[in-house]
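So the chains spell out like this:
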Amino acid sequence: MNDPTTPPRILMTIPYAEPSADLNLGHAYETTMRSTTSPWILLMDYDAMILSPRFYSILLDAIEDTTHNWGILTTMASRTGSRIQSVRGMDRNNHDVLSWRRYQEKILRDLHRHPLITLVPHGTPISGHVILLRREAWEKISPIPDGLLGVDWTIAQDIQAAGYEIGLLESLVVYHFYRGDGNKDHLQRANEKYINPYP
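Here the structure is a predicted model, which means the values were calculated and not measured.

Enquirer: Help me understand the packing of aromatic side chains, please; the structure alone is not making it clear to me.
Expert: The description of an aromatic ring pair rests on the distance of the ring centres and on the angle between the ring planes. Counting across every chain of the model gives two aromatic pairs. With 5.4 Å between their ring centres and 80 degrees between their planes, Tyr-16 and Tyr-46 make a pair best called edge-to-face. Taken as a pair, Tyr-16 in the loop between β1 (10–13) and α1 (25–34) and Tyr-46 in the loop between β2 (40–44) and β3 (48–50) lie far apart in primary sequence, 30 residues in all. Relative accessible area serves as the criterion here: at 58%, Tyr-46 is assigned to the exposed category. Ring geometry for Trp-100 and Tyr-103: centres 6.1 Å apart, planes at 80 degrees, overall edge-to-face. With Trp-100 and Tyr-103 both in helix α3 (residues 97–109), this residue pair falls three residues apart, about one helical turn. Judged by its relative accessible area of 0%, Trp-100 falls in the buried class. Classification of Tyr-103 by relative accessible area gives partly exposed; the value is 21%.

Enquirer: Please clarify how the pairing of strand β6 (residues 130–134) should be interpreted in this entry.
Expert: One face of the sheet, then the other: side chains in a regular strand alternate in exactly this way. With five of five residues buried, β6 is to be regarded as a mostly interior element. The alternating pattern of β6 places Val-130, Leu-132 and Arg-134 and Ile-131 and Leu-133 on opposite faces, both of which are buried. The pairing of β2 with β6 spans five bridges and is classified as antiparallel. Following the sheet pairing, Leu-43 is matched in β6 by Ile-131. Pairing between strand β4 (residues 70–77) and β6: two bridges, direction antiparallel. Directly across from Leu-73, in β6, lies its bridge partner Leu-132.

Enquirer: So what exactly am I meant to see when it comes to the nonpolar core here?
Expert: Nonpolar side chains in soluble globular proteins tend to be buried together. In this structure, Tyr-29, Leu-43, Ile-72, Leu-133, Ile-155, Ile-159 and Val-173 are the most contacted members of the largest nonpolar core, which totals 32 residues. Broken down by secondary-structure element, the contributors of at least two residues to this core are α1, β2, β4, α3, β6, α4 (135–141), α5 (151–161) and β7 (165–176). A total of five residues in this core trace back to one element, the largest contributor, which is α5. Counting 21 residues, the second-largest nonpolar core is a separate cluster that includes Ile-10, Ala-48, Ala-62 and Leu-169.

Parameters and conventions
Within each chain, residue numbers correspond to sequence positions counted from 1 in written order. At least 70 in pLDDT is required for a residue's local features to be given in this predicted model, at least 80 for side-chain atom pairs to be given and counted, and no such filter applies to totals for whole chains, interfaces and linings, which use all residues. To get the side-chain values, all heavy atoms of the structure are used, and hydrogens and water are removed first. Centre distance within 6.5 Å is the pairing criterion for rings of Phe, Tyr and Trp, where only the six-membered ring of Trp is used; planes under 30 degrees apart are then read as stacked, over 60 as edge-to-face, and the remainder as tilted. Helix and strand assignments come from DSSP, with helices taken as H or I runs of at least 4 residues and strands as E runs of at least 2, each series counted from the N terminus. Each residue is placed in one exposure class: buried if its accessible area under a 1.4 Å probe, protein chains only, is under 20% of its type's maximum, exposed if it is over 50%, and partly exposed if it falls in between. Any two strands are treated as partners once DSSP identifies two or more bridges connecting them. Nonpolar core, defined: a set of buried Ala, Val, Leu, Ile, Met, Phe, Trp, Tyr and Cys residues in which side-chain atoms within 4.5 Å join the residues together.

Okay, structure coming up:
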């Protein structure tokens, strides 16, 4: 029987940068990391959706991989600002979740044919729809800086500078709404509050 006082190996969370808190995603991440002792913490966007019941078990397999000193593991997404995490051959404007779920099931059937994790080259921007962050690595870079835009990429750069690697699970996809309605009001408010790392 599991001990309820033992933290999960992966704690799954959805940190939320409330408008009343100045859309401070960095602070939400930092607060989440400080609230648990789990060795790995999944930081997932509120507008992202898991498409497979195997999602968690695949993450558990991934953190057992010792071929690299992983600090962050991430996934593909239906819509994302990161080229390396974009699904090729699928329409990013397709918001039919069922079609994305079928796509996820198809690639998982062929999972044995592909490497579980692909190394993300240093200097390659990543998006934060899913960030599986290793506690040990976070402790080397804490505190996570305040802000909204670019916080995910800043974390990734700092993780790599601290000697850790970033891995991409190309066989895992999440549906990500990612401003699918064209609404960018929160970006304007974030630009008024924080320095935009992508002017």
